[in-house]
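Results of the structural survey
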Amino acid sequence: MEVKMDPLFLALSYFRRRKLQQCSDICTKILQDNPYDQAAWSLKTRAITEMVYIDEIEVDQQGIAEMMLDESSIAQVARPGTSLRLPGTSHGGGPTPAVRPLTQSGRPITGFVRPSTQSGRPGTMEQAIKTPRTASTARPVTSASGRFIRLGTASMLTNPEGPYINLSRLNLAKYSQKPQLSRTLFEYIFHHENDVKNVSYEENINRKMCFFSIDNCSFNKNVMFYLQALDLAAQATEHAQFKDWWWKVQLGKCYYRLGLYREAEKQFRSALNHKEVVDTYLYLAKVYQRLDQPITALNLFKQGLDRFPGEVTLLTGIARIHEEMNNISSATEYYKDVLKQDNTHVEAIACIGSNHFYTDQPEIALRFYRRLLQMGVYNCQLYNNLGLCCFYAQQYDMTLSSFERAQALVANDEEQADVWYNIGHVAVGIGDLTLAYQCFKLALTNNNDHAEAYNNLAVLELRKGRIEQSKAFLQTAASLAPHMYEPHFNLSILSEKIGDLQGSYTAAQKSEDSFPEHVDTQQLLKQLRQHFSVL
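Conventions we followed
- Residues numbered from 1 in each chain as written.
- Predicted model: local features only at pLDDT ≥ 70, side-chain atom pairs only at ≥ 80, totals over all residues.
- Heavy atoms only, no water.
- Helix = DSSP H or I, 4+ residues; strand = E, 2+ residues; numbered from the N terminus.
- Buried < 20%, exposed > 50% of the residue type's maximum accessible area, 1.4 Å probe, protein only.
- Contact = heavy atoms within 4.5 Å.
- Areas by Shrake-Rupley, 256 points an atom, 1.4 Å probe, with all protein chains shown as cover.
- Salt bridge = Lys/Arg side-chain N within 4 Å of Asp/Glu carboxyl O.
- Expected span 1.5 Å × (residues − 1).
- Phe/Tyr/Trp six-rings, centres within 6.5 Å; stacked < 30°, edge-to-face > 60°.
- pLDDT = per-residue confidence, 0-100.
- Axes fitted to C-alpha atoms, helices over the stretch in contact; angles between N-to-C directions.
- Parallel < 35°, antiparallel > 145°, perpendicular 65-115°, else oblique.
- Left-handed = near helix turned anticlockwise from the far one by under 90°.
- Disulfide = S-S within 2.5 Å.
- Patch = residues over 30% accessible without salt bridge, like charges linked within 9 Å, V, L, I, M, F, W, Y side chains within 5 Å.
- Nonpolar A, V, L, I, M, F, W, Y, C, P; charged D, E, K, R; others polar.
- Core = buried A, V, L, I, M, F, W, Y, C linked by side-chain atoms within 4.5 Å.

Some remarks on the overall build of the chain
Looking only at helices and strands, the chain has 27 helices and zero strands in total. Here the chain holds 535 residues, and 48% of them are scored as buried. Expressed as a percentage of contacts within the chain between residues at least 6 apart in sequence, the contacts between residues at least 24 apart total 58%. Total accessible area on the chain is roughly 27,400 Å²; 52% of this is exposed by carbon and sulfur atoms.

The structure is reproduced here in structure tokens:
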């Protein structure tokens, strides 16, 4: 005689094994037989939420609306070393653009791609529009609310027939008095119901009429759901007599999503007074970073380390802030502390390896990247970095084989262009300018917006005596990457040689704006000013 397992316990077993869809299907059958089974309802709600759950601490990307329409700025000109929006003002001994490339936001390229490492905090609307969303797309981040909308649309796949819970008919006051159900319901509303709602005919018309501001139109519906989550959290907090730290954290998360950062700060501070939890420190630090108060965030992280010594997430948060403020030496020290606690931390290993490479220590960087290889990281970027480290460490036998592996693992045209560009650098290093020319051409074939390849091609064209072609390449590179000083400086030198002193002076000024400490640019500007004074 076959003994069948109780369906609810089977669903719970599936949930613990992360087989969420099977768990949801069994709970659906249970609810069809007994629609008032609260255990099955709660378990299905948790399973659906887990399918689309996004870690709020790690994923945070600012769009143009959040960056350019920010009303929380206190000082227009921040003191050096106190603002994330002016990374070059730090006195932490950061690398110069001549040694370490910069992103379009003016921050040195990190060893690990995270949200905001590509976009950063542009200072003008023009710069924000030119800043790409990621390394693989040129489209800027329009609004953070748009990301939540896309998550909500994807979450409908978990229940194709329509919304699982009709939120408009729920009595939130009744659910807030049931601690077993209220927490599950809140997480469902907050994570799953971002934009999963039947849109009325009038809302469809409005969406069609505002084609260029879809994010703004949809944000109003997002606010509706966040307000429902906020209402449930507020009533549950009141029912708990304002002593439940978990509900205060959820209130802070709702306020943060709505852009009310000071209110979020109050809730997180109040939650810390009731119970000190690592996640609360991370949420509060995120609020201070959004308010552009990195010093306060650093002090908060250190306060958390006093309570939780050796906590990896807190150490990583400190290292990230130092890295964003161009204080690379301090960031490296904290990443080393991270590795003392967790020697398999990929971000710490990659960032330390990148720092050693850009400080002229390719042999040490090679050890860190080999460690990543031993840990099972197997992608194009890693082999690309291994190839560069082998070349500069004079291990030429491994250089080309590493680049061949990188070529075999490319996922898109942008990665293919970067590999060909680096092979071109190797060719320049060994003196094979014909191979370098072909590699840079192949880089542009795969990515026509590769500014570095345009700049290097211009130098090679100038060596062949093709002045007009070289000038065209330099102008293209300067327009594609205004944050780079090399195209502006090279264009200034070329214009000065052909007698275009005004064009040379304009390009030299742009080079100085990108890299004020560049000695050659300063000398060229001094010579041009002397020419103009004589005239």
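A short note on the pattern of salt bridges
Counted according to the given criterion, the structure contains seven salt bridges. The residue Glu50 makes a salt bridge to Arg18 at a minimum N-O spacing of 3.0 Å. Of this pair, Glu50 sits in helix H3 (residues 38-51) while Arg18 sits in the loop between helix H1 (7-16) and helix H2 (20-33), and the two are 32 residues apart along the sequence. The partly exposed category is assigned to Glu50, whose relative accessible area is 26%. One salt bridge in this structure joins Asp244 and Arg183, with 2.7 Å as the shortest N-O distance.

Focus: the side chain of His518
By the element assignment, His518 lies in the loop between helix H26 (501-514) and helix H27 (519-534). If near-sequence neighbours (up to four positions away) are discounted, His518 is found in contact with Tyr485, Phe489 and Ser511.

Some words on helix H8 (residues 179-192)
When the terminal C-alpha atoms of H8 are compared, their 20 Å separation across 14 residues agrees well with the 20 Å that a helix rising 1.5 Å per residue should span. In terms of residue burial, H8 counts as a mostly covered element, since ten of its 14 residues are buried. Within H8, the full set of buried residues consists of Leu181, Ser182, Thr184, Leu185, Phe186, Tyr188, Ile189, Phe190, His191 and His192.

Observations concerning the packing of aromatic side chains
Throughout the structure, instances matching the rule amount to 16 aromatic pairs. With a centroid separation of 5.6 Å and an interplanar angle of 80 degrees, the aromatic rings of Phe186 and Trp247 are classed as edge-to-face. A residue pair is termed long-range when its members are at least 10 positions apart, and Phe186 in helix H8 and Trp247 in helix H11 (residues 245-257) qualify at 61 residues. A relative accessible area of 3% places Trp247 in the buried class.

Remarks on the environment of Ala11
Secondary-structure assignment places Ala11 in helix H1. The spacing of Ala11 and Ala47 is 36 residues in sequence and 9.7 Å in space, taken between C-alpha atoms.

Details of the confidence of the model for the chain
It should be kept in mind that the predicted coordinates are not to be read in detail where pLDDT is low. This prediction gives the chain a mean pLDDT of 79; 75% of its residues lie at or above 70. Between residues 133-160, whose pLDDT stays under 50, and residues either more than four places distant or in other chains, the model counts 66 contacts. The model gives residues 195-221 a pLDDT under 50, and that stretch makes 29 contacts with residues more than four places away or in other chains.

A word on the packing of helix H15 (residues 312-324) against helix H16 (residues 328-341)
Here H15 crosses H16 at 165 degrees, and the two axes come no closer than 8 Å. Classified by the interaxial angle, the pair formed by H15 and H16 is roughly antiparallel. In the packing of H15 onto H16, the handedness of the crossing is left-handed. Between H15 and H16, the residues in contact are Val312, Leu315, Thr316, Ile318, Ala319, Arg320, His322 and Glu323 and Ile328, Ser330, Ala331, Tyr334, Tyr335, Asp337, Val338 and Gln341, respectively.

What about the state of the cysteines?
Applying the stated criterion across every chain, the model contains zero disulfides. Cys27 takes part in no disulfide bond, and the closest cysteine sulfur to it belongs to Cys23, at a distance of 4.3 Å.

As for unusual backbone geometry
In the Ramachandran plot, Phe242 falls in the positive-phi region, its phi being about 60 degrees despite a non-glycine side chain. Tracing the chain through its elements places Phe242 in the loop between helix H10 (214-239) and H11. A positive phi angle is found at Asp360, which is not glycine, with a value near 65 degrees. Within the fold, Asp360 resides in the loop between helix H17 (346-358) and helix H18 (362-374).

So, a nonpolar patch on the surface
On the surface, Leu462, Ile467 and Ile498 cluster together to form a nonpolar patch covering roughly 220 Å² of accessible area. Structurally, the position occupied by Leu462 is in helix H23 (residues 451-463).

Comments concerning the packing of helix H13 (residues 278-290) against H15
Here H13 crosses H15 at 15 degrees, and the two axes come no closer than 10 Å. In this view, H13 runs roughly parallel relative to H15, as classed from their interaxial angle. Between H13 and H15 the crossing geometry is left-handed. Contacts between H13 and H15 involve Val278, Tyr281, Leu282 and Gln289 on the former and, on the latter, Thr313, Leu314, Ile321 and Glu324. Of the residues that constitute the contact of H13 with H15, the class distribution is five nonpolar, two polar and one charged.

As for H23
Between the first and last C-alpha of H23 there are 19 Å, a value that for 13 residues agrees with the 18 Å anticipated at 1.5 Å per step. When H23 is considered as a whole, its buried residues turn out to be Ala451, Ala453, Tyr454, Asn455, Asn456, Leu457, Ala458, Leu460 and Glu461. As for H23, its buried residues are in contact with helix H21 (413-430), helix H22 (433-446), helix H24 (467-480) and helix H25 (486-497). Directly beyond the C-terminal end of H23, a positive phi value near 85 degrees is found at Gly465.

A word on the nonpolar core
Core analysis: the biggest nonpolar cluster contains 97 residues, and Cys23, Trp41, Ile165, Leu185 and Phe186 have the highest contact counts within it. The residues touching Trp41, leaving out its near neighbours within four places in the chain, are Leu31, Tyr164, Ile165, Tyr175, Leu181 and Leu185. Within the second largest apolar cluster, 19 residues are counted, among which are Tyr454, Phe473, Ala477 and Leu491.

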